[in-house]
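Residues per chain, in single letters:
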Amino acid sequence: MHKILIFTFIFLFSILGLNSQTLISPSNEIELVFSISDRGEPLYNLYFKGKEVIKPSTLGFEISTYFSGFSFTKNDFLSNYSSDFRLLQYTIDSYDETWSPVWGEESAIRNNYNELFLELEQESTGRRLNIRFRLFDTGLGFRYEVPEQKELGHFIIKNELTEFALTGDHMAIWIPGDYDSQEYDYNTTRLSEIGSTFDVAYTENVSQSSFSKTGVQTSLQMKTDDGIYINIHEAELVDYSTMHLNLDTNNFTFTSWLTPDAIGNRAYMNSPCKTPWRTIIVSDDARDILASRITYNLNEPLAIDPSWIKPIKYIGVWWEMITGKSSWSYTDDFKSVQLGDTDYTNAVRKENHAANNENVKFHIDFAALHGFDAVLVEGWNIGWEDWFGNSKEYVFDFKTPYPDFDIKELNDYAHEKGVELIMHHETSSSVRNYERHLDEAYSFMNEYGYNAVKSGYVGDIIPRGETHYGQYMINHYNYAIKKAAEYKIMINAHEAVRPTGIARTYPNLLANESARGTEYQAFGGSKPNHTTILPFTRQIGGPMDYTPGIFEMDISKLNPYNGSKVNTTLANQLGLYVIMYSPLQMAADLPENYMRFMDAFQFIKNVPVEWSKSIYLEAEPGEYVTIARKDKNSDNWYVGNSNGYEERISNVSLSFLDTNTTYNAMIYKDGNDANYSSNPQSYIIDTKFVTSNDTLMINTVPAGGFAIELSPMKK
Ligand code: NOJ
Ligand code: CA
């Protein structure tokens, strides 16, 4: 039916003699128009419910075929691959399937789109370029495909020139575009204010910093004055470099800005080849942005046997380190400890070395007692005495434990109690060193029975001059994921590039950090509305290892030298287990803090990490998010909320519950006198019987929140 409509549309256009092709989304609400300008530039624009949201925007590249030789000829090899095109032919198709993710926010995902595939030829060079558009009910994905051809074999992308021409000075929620961290507080400003709000200090502190004062990272969330939400990101970032967006404030047009490598090139290509998808999610209801599955749908289907992949709820010795209470390194004596030297007889062990047998066993016992799957232990391997800031190439070997960490005994102890230990590989961004050790490191994990690793990329990349987002590093992250799958290892990569839905294909990538996580609450704090933004930005590409669950907000109680405060209430921390979806969830605080609030801790113990259904109840980026999710392995439902700066009342309609069933609701919410800075630990636990006819009215304070567990009563 749709197909017929679309063909009719195109037919009309050709009769009218317009040189453009139109594609309509399955719901008919979104419309894409492709055309070619007088100069032969491919252009696209996008309408939502008849309103233009992307003005005619150019597509294409600047490329070079100069790889080596005499540099004075260099410019002769530069050429435009963005104009002088003519359309050879196009095809229209549609697709509708439902697939089952290995883990996720639901057990079935519908992948339904109409597709326009255009084959172009550059008249002066004979070079071919194809563009594929897929229009879903929640937005657009498009990518470039370079077919195999004698006119273009190997080439370098000097610049990608994809434009996103916006229709006005929208509100935007953005972080600055640097090349080594996504770990920023978000700014909420008009597009026109990006340049002046941009805090140069952000990027002076990091290497290879910003490309422009108006450059931002994706996923970028915007809102027009007439209430349309627009989100720009990318999907399937493979063998290419990361896309940032560079704004021209004169006309509110973003142009893609690919991360350059050490010599300024953006990507090395060889036809046939394709770019990642560029995505534009659009709706007049913010909840649709969260419900959109465009990013996953544009990735390739499952490529591995997933039978060994299991979501994980874990604890660790991590928060005591991050807060400065304990240490990763074994000794203060830098000289006595050399890599590969396991003779520590002369090294003076620090009292606060966290990864010691006794402390780890205590955590294993706590995990076993409270039903956690795993314990993360960082600081177990030698190298931490001199790991950071000196561009040192050979830091860790990923297989030599400190003398107070008995790797065999601890793994045996954990396994006897039904608990796993999670491996930690801090690479200190010496990526060449990591790759050299990777096979050995993963087999070492197999030998001791580890099935998951948290990897980390802190600091400047070695090889020097490469950055966290260039094609070289993208290939590294993907190589590590594939290699880990061969060893049946799950990955949680910190400081890696923000995800782009690759976990559909390789679900052993359980999570990434790749944004400002809870650790920043111990580094001075995050903005109170931070977690009302992350679902709209960072999480568009996949799960985040956000590490929620902090019950003691005053960090000076753990470390008198750390004056940070966690800028949320305790009830908000509980809500995060539902709103920040991840198949890997940490209960990050110290066991002793959980023991002080055992009734609230019960929610963390009960909350699942994989779901069969998710319903987005209330959402406004930067203000509030409320989500209901159904457990994949029981009939229980869970609801979570995170609230921003304003006190508000949530009206939670329970119409998603099964009818004719009474549920027991356990409601964990902010106390009447709760205040995230002065009284964050004030919470109330209410229990009541509810049915699908009920609506719960729940008050949340600034940076507050709530969590609800709904269990059906046995009939
Ligand atoms: C930064 C990571 O985000 C954190 O979780 C980790 O503990 C440290 N790096 C050390 O690897
Ligand atoms: Ca980090």
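In what follows, the accompanying structure is described. Keep in mind it's a predicted model, so treat the numbers as computed, not measured. (Residues numbered from 1 in each chain as written. Chains lettered and ligands numbered in written order. Predicted model: local features only at pLDDT ≥ 70, side-chain atom pairs only at ≥ 80, totals over all residues. Heavy atoms only, no water.)

## Considerations on the overall build of the protein chain
Just so we agree on the cut-off: Every helix listed is a DSSP run of H or I at least four residues long, and every strand listed is a run of E at least two residues long, numbered separately from the N terminus. The quantity called the radius of gyration is restricted to C-alpha atoms. Its globule counterpart is 2.2 Å times the number of residues to the power 0.38. The classification of residues rests on relative accessible area computed with a 1.4 Å probe and restricted to protein chains. Under 20% of the type maximum is buried, over 50% is exposed, and intermediate values are partly exposed. Any pair of residues with heavy atoms lying within 4.5 Å of one another is described as a contacting pair. Residue-level accessible areas treat just the shown protein chains as cover; the underlying method is Shrake-Rupley with a 1.4 Å probe.
Along its length, the protein chain carries 14 helices and 37 strands. For the protein chain, whose C-alpha radius of gyration is 26 Å, the value lies close to the compact-globule estimate of 27 Å for 715 residues. Structurally, the protein chain occupies a C-alpha span of about 75 × 70 × 50 Å along its principal axes. Put simply, the protein chain has 715 residues, and 63% of those count as buried. A separation of at least 24 residues holds for 71% of the contacts in the protein chain among residues at least 6 apart in sequence. Accessible surface, the protein chain: about 26,200 Å² in total, of which carbon and sulfur atoms supply 48%.

## Observations concerning the layout of surface pockets
Condition: Residues are called lining when one of their atoms sits within 4 Å of a cavity or pocket point, these points coming from a 1 Å grid over the protein atoms alone, where a cavity is a set in which a 1.4 Å probe fits but cannot get out and a pocket is an open set with protein on both sides within 12 Å along at least five of seven lines. Grid points are joined across faces, edges and corners, and a volume is the space filled by probe spheres set on the points. We call Asp, Glu, Lys and Arg charged. Ala, Val, Leu, Ile, Met, Phe, Trp, Tyr, Cys and Pro are nonpolar, and the rest, Gly among them, are polar.
What the second largest pocket holds in volume is close to 420 Å³. Lining of the second largest pocket is provided by 32 residues; of these, Glu-105, Glu-106, Ile-109, Arg-293 and Tyr-296 occupy positions nearest its centre. Class assignment of the residues belonging to the lining of the second largest pocket gives a composition of 20 nonpolar, seven polar and five charged.

## Structural notes on the coordination of the calcium ion (ligand 2)
Short version of the rule: Each metal's donors comprise the N, O and S atoms found within 2.8 Å of it (within 3.2 Å for Na, K or Ca). Water is not part of the atom list, so some coordination spheres may appear incomplete. The geometry test gives tetrahedral to four donors whose angles all lie between 85 and 135 degrees, gives square planar to four donors and octahedral to six donors whose opposite members are over 155 degrees apart with all other angles between 65 and 115, and gives irregular to the rest.
Each protein donor to the calcium ion (ligand 2) is listed here as Glu-183 (OE), Glu-495 (OE), Glu-513 (OE), Glu-513 (OE) and Glu-519 (OE); together their distances run 2.2 to 2.7 Å. Geometry at the calcium ion (ligand 2) is irregular, judged from the six donor atoms that bind it and their angles of 50 to 163° at the metal. In primary-sequence terms, the residues that donate to the calcium ion (ligand 2) follow E-x311-E-x17-E-x5-E. Placement of the pair is Glu-495 in the loop between β27 (490–494) and β28 (509–512) and Glu-519 in the loop between β28 and α11 (530–533), with a sequence separation of 24 residues. Like Glu-495, the residue Glu-519 is buried in the burial classification.

## Brief notes about the sheet that holds strand β35 (residues 683–690)
Note the threshold: Pairing between strands is defined by DSSP: at least two bridges between the two strands are required. Throughout, an axis means a line fitted to C-alpha atoms (over the contacting stretch in the case of helices), and angles, computed between N-to-C directions, take values from 0 to 180 degrees.
The strand order β30-β31-β32-β37-β34-β35 describes an open sheet built from six strands, whose pairing is antiparallel. Two strands in the sheet have a free side with no partner beyond their single neighbour: β30 (611–620) and β35. Pairs of neighbouring strands in the sheet enclose a mean axial angle of 15°, with direction left out of account. For strand β31 (residues 624–631) and strand β32 (residues 637–643), the ladder comprises seven bridges, and the chain directions are antiparallel. Residue pairing across strands places Val-625 opposite Ser-642, the latter belonging to β32.

## Re helix α7 (residues 357–370)
We count it as follows: Multiplying 1.5 Å by the residue count of a helix minus one yields the expected span of that helix. Read the arc as the range of directions from the helix axis to the C-beta atoms.
Here α7 is 14 residues long and its end C-alpha atoms lie 20 Å apart, about the 20 Å a rise of 1.5 Å per residue gives. Along α7, the positions that sit buried rather than exposed are Asn-359, Val-360, His-363, Ile-364, Phe-366, Ala-367 and His-370. Projected onto a plane normal to the axis of α7, the buried residues spread over an arc of 165° and lie on a single side. For α7, exposure combined with an orientation more than 90 degrees from the buried face picks out Glu-358 and Leu-369.

## Focus: the pattern of salt bridges
In plain terms, the rule: Every case where a carboxyl oxygen of Asp or Glu lies within 4 Å of a side-chain nitrogen of Lys or Arg is listed as a salt bridge.
On inspection of all chains with the given rule, the structure shows 41 salt bridges. In this structure, Arg-504 and Glu-97 form a salt bridge, with 3.4 Å as the shortest nitrogen-oxygen distance. Of this pair, Arg-504 sits in the loop between β27 and β28 while Glu-97 sits in strand β7 (residues 85–99); the two residues are 407 residues apart in sequence, bridging distant segments of the chain. For Glu-97, a relative accessible area of 23% gives the class partly exposed. Among the ionic pairs, Asp-635 bridges to Lys-630, the shortest N-O distance being 3.7 Å. A relative accessible area of 46% places Asp-635 in the partly exposed class.

## What about the site of ligand 1?
What counts is decided by this rule: Distances are taken per atom, and a residue is near a molecule or strand as soon as one of its heavy atoms is within 4 Å of it. Whenever two N or O atoms come within 3.5 Å, that pair is a polar contact, provided that in protein one can donate a hydrogen and the other can accept it, and provided that, for residues adjacent in sequence, both atoms are side-chain atoms.
The local shell around ligand 1 consists of Trp-318, Trp-328, Glu-378, Trp-384, His-424, Glu-426, Lys-454, Val-458, His-494, Glu-495, Glu-513 and Glu-519. Between ligand 1 and Lys-454, the relevant distance is 2.6 Å, taken from an oxygen atom to a side-chain nitrogen or oxygen of the residue. The contact in question runs from an oxygen atom of ligand 1 to an N or O atom on the side chain of Glu-519, over 2.7 Å. Out of a free accessible area of 290 Å², ligand 1 has 93% covered by protein chains.

## Details of unusual backbone geometry
With an omega of 0°, the peptide bond between Ser-271 and Pro-272 qualifies as cis. Counting through the fold element by element, Pro-272 comes out in the loop between β20 (267–270) and β21 (273–274). With omega at 15°, the peptide bond leading from Ile-462 into Pro-463 counts as cis. Even without glycine at this site, Ser-391 takes up a positive phi of about 50°. Tracing the chain through its elements places Ser-391 in the loop between β24 (374–376) and α8 (407–416).

Nothing here speaks to function; it is all geometry.
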